[in-house]
Amino acid sequence: MNSADAPSRFVWQTGKRTLTFTAAVALFGCATAACQPAPQASGPTADPWPIRVLVTNDNGIDDIGLVELARALARDGIEVTVVAAQQDRSGASNYMSATRVAEYRVERRDLGPGIEAYALDGQPADCVVFGLSGPMRDNLPDLVISGINGGPNLADDWFGSGTIGAARTAAYFGVPAIAVSGVEDDDPELVEAATAWVVQLVRSEIVRGLQAPEYLTVSLPLATGREVRGVRLVERARELMEGRSERSQPVETAEASAEIWTLEFRVDPSRAGPESDVAVVSEGYIAIVPMRADESDGALMDRLASQAAQLPAWPGLSGQDGESAPSEALDQDCDRSIGVEIDDAEDESGREWGVVVEAVVSGSRAESLDLRPGDVMTVFNGVELVGEGSLDPDDQFSRLYSGLACGEAVELELVREGATLDLSFVVGG
């Protein structure tokens, strides 16, 4: 946990799912203060995964939760790279200082055998970007793990959490991630039990099936030492926190007058639903919340496409006699709506292979084209719908469709009950 006697210093330039957790329930079916850690895996299994991981946190590289987790992963045969801040960076969300200064100042650390470790002068998100763009650039990790940090990140806390911000950054840049919080480091037995459980979670098919920009946030109810009753997949409680700023005193200087305002956050846990993370953690369960780093909304894009004519014209863009120039994309008579609800199509391994039609609006264009629930669109105008960059297939479909003007042709290839079909139509036609 301590740095080497002579750390090397250098500067690095930057350039809908159902999950079951029966194994996790078995591991923590006791009072955690007396819990014995699960036995370590006896050796590598067939087709082991993950092969390599990047571990980070927001409490700093000397935090015992991070150090013990890295060591447990290494003992289990996983290649471990640790990149963490040199000091506590809690509450940093996914802020990156490198976008300003374009460099990292790094120290090598010795955290034990099988671990390559770097202490960074930046934020948790910087640590992820540095790891992916620097020491792991040629062999990217299969997974990024952020934690284990003290205090569960529940409800609205996720938005400012550096622990979750690091995982969100990894998922956004193409590597699935998990963020784990809730273990204080003053109880070595609890830390050992928690790290053993996280290793099992990392080795599970549940985590293996994650595909960026997907990530999981895990909140352990262990800080109180109460009995852990099991593991629950839940939604995040929202709108429990209210901020209030109050003026406290004026400040007069020679240059200007100013005021001091104090900020107070008030949280009302009673507003959390019974199936939320706040509720289940308070009942002694581990809460796992599925998350997605990409905030683009394909369904909203599809809905707004039919209202594009309401977008205001830029001043000065006019035709003859000062009238607004006609725009094919903003044609008032063009109804671009399709009338479908879509989602990503996944096979049994979790691989996304197209866009599935979940529902068809009665009387819509989709109904007239004989699109049916269960149809999977696989090719759009010659482009395979398997996702692109940070876009999932459904978002990719929405972006391709929204980029077409009224009157342009659409050629779809779709799969229906195992058979491949071709479908053609014209936007707005």
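Predicted, not measured: the structure shown is a model, and the values here were computed from it.

Calculation criteria
Numbering of residues starts from 1 in each chain and follows the order in which that chain's sequence is written. With the structure being a predicted model, the display of local features is reserved for residues of pLDDT at least 70 and the display and counting of side-chain atom pairs for 80 or more, all residues being used for whole-chain, interface and lining totals. Values shown for side chains rest on all heavy atoms present in the structure; no hydrogens or waters enter the calculation. In predicted models, pLDDT denotes the confidence assigned by the predictor to each residue on a 0 to 100 scale. Helical segments are the DSSP runs of H or I of at least four residues, strand segments are the runs of E of at least two, and each set is numbered from the N terminus. Residue contacts follow a heavy-atom distance rule, with two residues in contact if any of their heavy atoms lie within 4.5 Å. The rule is simple: take the accessible area with a 1.4 Å probe, protein chains only, and divide by the maximum for that residue type; under 20% is buried, over 50% is exposed, in between is partly exposed. Only Phe, Tyr and Trp rings are paired, with Trp represented by its six-membered ring, and only when their centres lie within 6.5 Å; those with planes under 30 degrees apart are stacked, over 60 edge-to-face, the remainder tilted. Polar contact is defined as a pair of N or O atoms within 3.5 Å, subject to the rule that within protein one atom must be able to donate a hydrogen and the other to accept it, and that residues adjacent in sequence are counted only when both atoms are side-chain atoms. To count toward a patch, a residue needs a relative accessible area above 30% and no salt bridge. Like charges then connect within 9 Å, nonpolar side chains (Val, Leu, Ile, Met, Phe, Trp, Tyr) within 5 Å. Residue exposure ignores everything except the shown protein chains as possible cover, and the areas themselves are Shrake-Rupley values with a 1.4 Å probe. By salt bridge we mean one thing: a side-chain nitrogen of Lys or Arg within 4 Å of a carboxyl oxygen of Asp or Glu. A positive count includes Lys and Arg, and a negative count includes Asp and Glu. His and the chain ends are not counted in either. The atoms used to mark charge sites are NZ of Lys, CZ of Arg, CG of Asp and CD of Glu.

## Observations concerning the confidence of the model for the chain
Right, on to step 1. Per-chain confidence: the chain averages 80 in pLDDT, with 81% of residues scoring 70 or above.
Right, on to step 2. The element-level mean pLDDT for the chain is lowest in helix α1 (residues 22-27), coming to 33, with strand β2 (residues 52-56) highest at 98.
Right, on to step 3. Note on residues 1-45: pLDDT under 50 across the span, and 96 contacts to partners over four residues away in sequence or across chains.
Right, on to step 4. In the model, residues 319-331 has pLDDT below 50 throughout and makes 14 contacts with residues more than four positions away in sequence or in other chains.

## Section: the side chain of R109
Right, on to step 1. Tracing the chain through its elements places R109 in strand β4 (residues 103-109).
Right, on to step 2. Residue R109 is classed as buried on the basis of its relative accessible area, which comes to 14%.

## Description of the packing of aromatic side chains
The way to describe two aromatic rings as a pair is by their centre distance and the angle between their planes.
Right, on to step 1. This model, assessed by the stated rule, comprises five aromatic pairs.
Right, on to step 2. An angle of 90° between the planes, with centres 5.5 Å apart, marks the rings of F380 and F397 as edge-to-face. Of this pair, F380 sits in strand β15 (residues 376-380) while F397 sits in helix α11 (residues 393-402); the two residues are 17 residues apart in sequence, bridging distant segments of the chain.
Right, on to step 3. Taking the centre distance of 6.5 Å and the plane angle of 5° together, the rings of F397 and Y401 count as stacked. Taken together, the residues span about one helical turn, with F397 and Y401 both in helix α11 at a distance of four residues. Note on accessibility: F397 and Y401 belong to one class, buried.
Right, on to step 4. Grouping aromatic residues by their ring pairs yields a cluster made of Y104, Y118 and F130.

## So, helix α5 (residues 162-172)
Right, on to step 1. Among the 11 residues in α5, 10 count as buried, and that is most of the element.
Right, on to step 2. Within α5, burial applies to G162, T163, I164, G165, A166, A167, R168, T169, A170 and A171.
Right, on to step 3. Buried residues along α5 sit in contact with β2, α4 (124-133), β6 (143-149), β7 (177-181) and β8 (214-219).
Right, on to step 4. Sitting at the amino-terminal end of α5 is S161, which places a side-chain oxygen 3.2 Å from the backbone nitrogen of T163.
Right, on to step 5. Downstream of α5 by one or two residues, G174 has phi in the positive range, about 105°.

## A word on a negative patch on the surface
Right, on to step 1. A surface patch of negative charge is lined by E384, E411, E413 and D422.
Right, on to step 2. For E413, the position within the fold is in strand β17 (residues 409-416).

## Quick notes on unusual backbone geometry
Glycine aside, the phi torsion of most residues is negative, and most peptide linkages are trans.
Right, on to step 1. Here the amide bond leading from W49 into P50 is cis, since omega sits at 0°, within 30 degrees of zero.
Right, on to step 2. Topologically, P50 is positioned in the loop between α1 and β2.
Right, on to step 3. Put simply, G147 and I148 share a cis peptide bond, and its omega is 5°.
Right, on to step 4. Summarising the element assignment, I148 is placed in strand β6.
Right, on to step 5. Positive phi is not limited to glycine here, since S93 has a value of about 55°.
Right, on to step 6. Counting through the fold element by element, S93 comes out in the loop between β3 (79-85) and α3 (98-101).
Right, on to step 7. Here E417, not a glycine, exhibits a phi torsion of approximately 50°, which is positive.
Right, on to step 8. With respect to the helices, strands and loops of the structure, E417 is situated in the loop between β17 and β18 (419-426).

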